[in-house]
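Structural features, examined
Spelled out, the chains give:
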Amino acid sequence: MTLKLLKLISGKIRKVLKFIFGIFFRLPSGISELWLKLSVRLLQVLMLILVIVLCINFNLFGLFGPSPKLTDLKDPEISVASELFASDGSLIGKYYLENRSPVEFSDLSPVLVNTLLSAEDIRFYKHNGIDIKATVAAIWSTARGEKRGGSTITQQLVKNLYKTRHKNQKGLLGYIPGVNILIDKSKEWINALKLEFYYSKNDILTMYLNTVDFGSHAFGIKAAAATFFDRKPAELKVEEAAVLIGLLKAPTYYSPVQNPDNALKRRNSILLQLERYGYISQSKADSLIKTRISLRYRRSHDDDDATYFKEAVARSMQEWSKESGYNIFTDGLKIYTTIDPHLQDYAEQAVIKHMRRLQKRFNEHWQGQNPWVDSKGNEIPGFIEELSRETSFYEGLSKKYRNNPDSIDYYLNLPRKMSVFSWNGPSDTILSTMDSIRYYRHLLNTGFVSMDPATGYIKAWVGGIDFRFFKYDHVNQARRQPGSLFKAFVYTAAFEQGLGPCDRRTDQPVTIKYTEKGETKTWSPHNSNWNFTWEDLTLKNAFARSVNSVAVQLTNEMGWGKVIECAHRMGINSPLRNVPSVCLGSSDVTLLEMVNAYCSFLNDGMKNEPVLVTKIIDRDGKVIYEYKPASVRVISAETAFLMSVMLRSGLTEAGGTTQGLWEYDLFNYDTEFGGKTGTSSNFSDGWFIGITPRLVSGVWVGGEHRNARFRTSQLGEGLRTALPVFGLYMEKVLQDENLKQYRGKFSKPSGKINKPYSCSSYSPVSDSLLSEDDPAKEQQDSL
């Protein structure tokens, strides 16, 4: 049908041309007939080309593959990196599939533009997307067996923007060798002409430099200039621009980082091109060619500080992304967070300093033995073998060698090159999978988070000892038993039932009968030192000393349901077992839940959800999200104040468990402290939450697996494993004169306090050791 239509049209055209030649050109009949035939043939060829172009453009019968739509051309989608900012406006990370930050043409120096034209498309401003001369030259060189490109910058932009050579863009004819090349080139020519119609030459140049891949996770000229030379595009020197433009041909092969010799040759070749086209003098070209490449290479933001925090922000934004339709990895958002970069730095320093020492102590404690033991101290048989079955490597072997355990075992124990974590930096070594599991099960890990109790703003976040090797976040992903930290909810619930800090209970054995899943059980807990003193203790002193028996008595009196309800109300979202041992922290929770709940004690009984992001701006500068505070009252102001007194009592009451803080330089800055330790029953988990008027900070320390632990309270309790991180952190914070906003004393109660709270036991930091102006004496007297 198409051929019939063409013949019909050709016949009509032939008659028209014959008429024209007859009127305007009085040529001899033979010559006139020849011109007529040539003209008809030419028009037929042009019509055939037009038909082919239309067929390719509209993908007739799915033969040619899709082409960009009109809307795609007018508003091309470019994947742009989103930027993550700290509270002071400093850049702390990026999210991207392609690390790209677009620039405007005004941001490009003439040097950079001239270098690009010299290397890629010297007649760019003279053609309309297709350089006929370059195309013919490319065809001729290909016929001679040489390889020479003929694509213009506009054609390359088409490939970059629309991935015209990707397999998803192929039609049925695109799988035929030779034909596929003609179709691909036709698509590039057609769409290059379209781009030239819709955009100015400067716009096309800008889009091109914003989309190209420079290697080293740098997409676009802005990211490339920053990555390789720590400059803005407008600041690039001629020789630097030549290096970057040289990367476009083959980003890895010509990488100045991976292949500096190749990069140097490519740069010099482009410098000669610049000289050839008159952009630089011969003397300057000769001078620059003699120089080496001078890099100021910066790693991409994959390896930035606060990486655990960066991942936490990404997780927290998943629901928002679903609802809003924005993608933080492609939409070029500016995300402003609550993190304080100075506090973040001090938190990381504290973690590294303490955990390095603690790991050494742990290794000495287990020297010659494996730390995975049962409650009787015996090594657990098959422990490592069982863990190996949880690995993806084992899963792959199981699929490959079904019903062949010998082969699986062989490859699990086959040594291979790998990089493992060490406190001296990544260590390249040769280990088997089984050996690496054994190695990592000897390591302790940690989580640390610091919050502003008045706002819920996260100020520092360290999810582990090294994100490169331990992706699992111990701030809000890992759940572990909090031990005595949970007693705060016992005493809060007790105060809500009418008790106060100066009420008393006897330190004595307690047995509770209860029913779980239809089975009657009894529970008779002991104190951490296995002794009962039979002393008549104030609740204030019992809390400060973390006396288990008193917490259990209170729980038995009011019912553990009250404790569970109080914990959930204050922000513990993890499931809690409905058993009496919940009062001593037997249910797993996250560190972030505990720290956030403790913030309510310093915020007049009001709870805020933890805040990581305060504002998000799209690539057009429009604010698309802004945090709005939504505090909820969870306990009364009086109860909150009384619990803040209880938390401070650990420093001043006889036998208080937080008195290890006196070992640190914390009490010379007109700042008051409090806190609570926590330790799980077998020392698998050490906890500490420290409070100041401006910050509530929490620490967890333990092995990745609960069976890897210290064996004694002297080494394994939270006072020894977790509290030092807080002490080291707050030392740095208070010593920094630029962070005076984090100093201060606890506020007076906001209303009348009806229950007495000034009762105190004699502090082990005795009067003989405290002068009247000693800060310890001042804090003791204030309570």
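Note that the structure is a prediction, hence the values are computed from the model and not measured.

What the five strands build is an open sheet, ordered E7-E6-E18-E17-E16; its pairing is antiparallel. Edge positions in the open sheet fall to strand E7 (458–462) and strand E16 (674–679), since each of these has one partner strand only. Each strand axis lies, on average, 10° off the axis of its neighbour in the sheet, ignoring direction. When strand E17 (residues 685–691) meets strand E18 (residues 696–703), the two strands line up antiparallel, connected through seven bridges.

Taking strand neighbours across the sheet as the criterion, the five strands line up as E2-E1-E3-E13-E14 in an open arrangement whose pairing is mixed. In this open sheet, the two edge strands, each paired with only one partner strand, are strand E2 (91–95) and strand E14 (623–626). The mean angle between the axes of side-by-side strands here comes to 15°, regardless of whether they run parallel or antiparallel. Bridge count for strand E13 (residues 613–617) against E14 is three bridges, and the pairing is antiparallel. Residue pairing in the sheet places Ile617 in a bridge with Val623 of E14. Across the face of the sheet, helix H13 (residues 307–316) comes into contact with strand E1 (82–85), E2, strand E3 (334–337) and E13 while running at roughly 50° to E2.

In this section: the pairing of E13. Burial within E13 is extensive, with four of its five residues counted as buried. In this sheet, E13 lies alongside E3 in antiparallel orientation, the contact comprising four bridges. Paired with Lys334 across the bridge in E13 is Ile617. Hairpin connection, E13 to E14: the antiparallel pair is bridged by five residues, and Gly621 has positive phi, about 90°.

Following the criterion strictly, the structure yields 30 aromatic pairs and no others. Aromatic pair Phe421 and Phe469: ring centres 6.2 Å apart, planes at 70°, arrangement edge-to-face. You can see Phe421 sitting in the loop between strand E4 (416–420) and strand E5 (427–431) and its partner Phe469 sitting in the loop between E7 and helix H20 (487–496), a full 48 residues away along the chain. Phe421 gets classed as buried once you look at its relative accessible area, which sits at 3%.

Right, let's get into the pairing of E1. Side chains Ser82 and Leu84 of E1 all project onto a buried face; the interleaved residues Glu83 and Phe85 project onto the opposite face, where all are buried too. Inspection of the sheet shows E1 paired to E2 by four bridges, in the antiparallel sense. Bridging across to E2, Ser82 finds its partner in Tyr95. Connecting the antiparallel pair E1 and E2 is a turn made up of five residues, with Gly89 showing a positive phi of about 90°. Where E1 and E3 come together, three bridges link them in parallel fashion. Residue pairing across strands places Phe85 opposite Tyr336, the latter belonging to E3.

Conventions used here
- Residues numbered from 1 in each chain as written.
- Predicted model: local features only at pLDDT ≥ 70, side-chain atom pairs only at ≥ 80, totals over all residues.
- Heavy atoms only, no water.
- Pairing = 2+ DSSP bridges.
- Helix = DSSP H or I, 4+ residues; strand = E, 2+ residues; numbered from the N terminus.
- Axes fitted to C-alpha atoms, helices over the stretch in contact; angles between N-to-C directions.
- Contact = heavy atoms within 4.5 Å.
- Buried < 20%, exposed > 50% of the residue type's maximum accessible area, 1.4 Å probe, protein only.
- Phe/Tyr/Trp six-rings, centres within 6.5 Å; stacked < 30°, edge-to-face > 60°.

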